[in-house]
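Chain by chain, the residues run as shown.
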Amino acid sequence: MKRLGIELITIEPGYTEARVPFQEMHEQQDQYVHGGLTATMADIASGFAAYTLVAEGERVVTADIRTSYLRPGVGETILSKGWVLKPGHNFYFCEAEVFMIRDGKEVMIAKSSSTMAVIKPR
């Protein structure tokens, strides 16, 4: 997160938002946001959303993620919003949406569905 310049801007139980200013290092060959960063933004938002609900000392890791790319990412800022659909003892089922902020408007560029595995302390 730190290397890419991503910061969490909203942290609530079962919901988080992350953002990063769009920079040249985030571009693919046609100057759109790279799909890897788009998926990373979805993973961060949904993973931290799950983390807000686990018991003290527990952690979560991504067990599965599927990202659908809806349109090329062009804009000034990349924003992701993630939430927990269903918490469980061993797995949390989450979703996230990724937006580009263009001229002050949010344009959805991707949507993801993920499963976060709970890592319990020994």
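Reference entry: report on the structure contained in this document. (Residues numbered from 1 in each chain as written. Predicted model: local features only at pLDDT ≥ 70, side-chain atom pairs only at ≥ 80, totals over all residues. Heavy atoms only, no water.)

### Observations concerning a nonpolar patch on the surface
On the surface, a nonpolar cluster with roughly 250 Å² of combined accessible area is contributed by Met1, Phe48 and Tyr51. Residue position: methionine 1 is located in the segment before strand 1 (7–12). (Patch = residues over 30% accessible without salt bridge, like charges linked within 9 Å, V, L, I, M, F, W, Y side chains within 5 Å. Areas by Shrake-Rupley, 256 points an atom, 1.4 Å probe, with all protein chains shown as cover. Salt bridge = Lys/Arg side-chain N within 4 Å of Asp/Glu carboxyl O. Helix = DSSP H or I, 4+ residues; strand = E, 2+ residues; numbered from the N terminus.)

### Here's the deal with helix 1 (residues 35–51)
In this model, helix 1 (17 residues) spans 24 Å end to end at C-alpha, consistent with the 24 Å of a helix rising 1.5 Å per residue. Those residues of helix 1 that are buried are in contact with strand 1, strand 2 (15–21), strand 3 (59–69), strand 4 (77–86), strand 5 (91–102) and strand 6 (105–119). (Expected span 1.5 Å × (residues − 1). Contact = heavy atoms within 4.5 Å.)

### What about the side chain of lysine 81?
Take lysine 81: it is sitting in strand 4. The buried category is assigned to lysine 81, whose relative accessible area is 17%. Within polar-contact distance, the side chain of lysine 81 engages the side chain of glutamate 106 at 3.0 Å. Apart from the residues within four sequence positions on either side, lysine 81 is in contact with Tyr15, Thr16, Glu17, Ala45, Glu95, Ala96, Glu97, Phe99 and Glu106. (Buried < 20%, exposed > 50% of the residue type's maximum accessible area, 1.4 Å probe, protein only. Polar contact = N/O pair within 3.5 Å; in protein donor to acceptor, adjacent residues only side chain to side chain.)

### As for the environment of glutamine 28
By the secondary structure assignment, glutamine 28 is in the loop between strand 2 and helix 1. Once residues lying within four places of it in the same chain are set aside, the contact partners of glutamine 28 are Val33 and His34. Side-chain polar atoms of glutamine 28 contact the backbone nitrogen of aspartate 30, separated by 2.4 Å.

### Things to note about the pairing of strand 2
As defined by bridge partners, strand 1 adjoins strand 2 across five bridges and the pair is classed as antiparallel. Bridging across to strand 2, glutamate 12 finds its partner in tyrosine 15. The sheet contact formed by strand 2 and strand 4 spans seven bridges and is antiparallel. Within strand 4, the position partnered with alanine 18 by the bridge is serine 80. (Pairing = 2+ DSSP bridges.)

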